[in-house]
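Reading the structure
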Amino acid sequence: MPDTAGLAVRTLTPDAPAEAPPVLLVHGFGSDGAGDWIDTGVAAALTAAGRTVIIPDLRGHGASPAPESAAEATAPALAADLLAVADAAGAATFDIAGYSLGARVAWAVAAAAPDRVERSVFGGLSPVEPFTAVDIEALHRAVREGAQCPDPFTAAIAGMVSAHGDRAPGLALCVEGLRDTPFAGGAWDAKVLPVFVVGENDELTRGIDGLAGSLGARLVTVPGAHHEVLGGPHFRDTVLDVLAR
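As a starting point, this report considers the structure included with it. (Residues numbered from 1 in each chain as written. Predicted model: local features only at pLDDT ≥ 70, side-chain atom pairs only at ≥ 80, totals over all residues. Heavy atoms only, no water.)

Phe94, Leu139, Val161, Val175 and Phe196 are the most contacted members of the largest nonpolar core, which totals 56 residues. Broken down by element, this core gets its largest block of residues, 8 residues, from helix α4 (residues 101-112). Residues within four places of leucine 139 in sequence aside, it is in contact with Val134, Thr154, Ile157, Ala158, Ala172 and Val175. Among the nonpolar cores identified, the runner-up in size contains 21 residues, and Val53, Val195, Val229 and Val242 belong to it. (Core = buried A, V, L, I, M, F, W, Y, C linked by side-chain atoms within 4.5 Å. Buried < 20%, exposed > 50% of the residue type's maximum accessible area, 1.4 Å probe, protein only. Helix = DSSP H or I, 4+ residues; strand = E, 2+ residues; numbered from the N terminus. Contact = heavy atoms within 4.5 Å.)

So, on to unusual backbone geometry. Positioned with a positive phi, serine 100 is a non-glycine residue whose angle comes to about 60°. Along the chain, the position of serine 100 falls in the loop between β4 (94-99) and α4.

Another aspect to go through is the sheet that holds strand β7 (residues 218-222). Strands sit in the order β1-β3-β2-β4-β5-β6-β7 across an open sheet of 7 strands; the sheet is mixed. The sheet is open, and its two edges are formed by β1 (9-12) and β7, each paired on a single side. When the angles between neighbouring strand axes are averaged without regard to direction, this sheet yields 20°. Across 5 bridges, strand β6 (residues 195-199) lies against β7 in parallel orientation. What sits directly across from glycine 199, in β7, is valine 222. Helix-sheet contacts for α4 involve β2 (23-26), β4, β5 (117-123) and β6, and the interaxial angle to β4 is about 145°. (Pairing = 2+ DSSP bridges. Axes fitted to C-alpha atoms, helices over the stretch in contact; angles between N-to-C directions.)

Here it is as structure tokens:
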């Protein structure tokens, strides 16, 4: 069996393959590959364009195992998982698209292996790490014991995480790992500048234009709020346009 770091992975192959690298699609927090990429039609549109599509479930999400510690759920650790998935697929290079947390992890993939990343699309990426504001001990208590969180933001995250039932402790460890390795932007060393996609009503992405501008990267604004963009035709069409060969 190929070593995929233990992650659940879906691979979709086209009937008429194009001469282009595979596309790695990375889902958002609390979701999975099927919900973000298959149900929205993005994966089907890419395979119709001749692209092989690799869709992993991040650790703690979907059908993948939960992290055993926060160290297994830092951004660099999640990126290493995805590079293992690419290795298992025989993908020396690949395009990558991520949404929300998926964009955050996709950035970490490009930072870890810039020579392997061809084209990239970052949808719904926050310029700051939202989880740095979480009271992590209160979050773990809320998930473990049902304790109330005095801080409203932590309470909101606890409610989101706890809604996943048995998966909640692993998701709380993901929050802790990402909180410990906050997104900081920085230089871009991969082969092609990324394209950022934001919803016109997405408050979580406010300020990402500063990062895009500092890189000289393209910023595409599409209709919708954070939870609406991924399923919309404008995001799907942008991904197809950016990754087209």
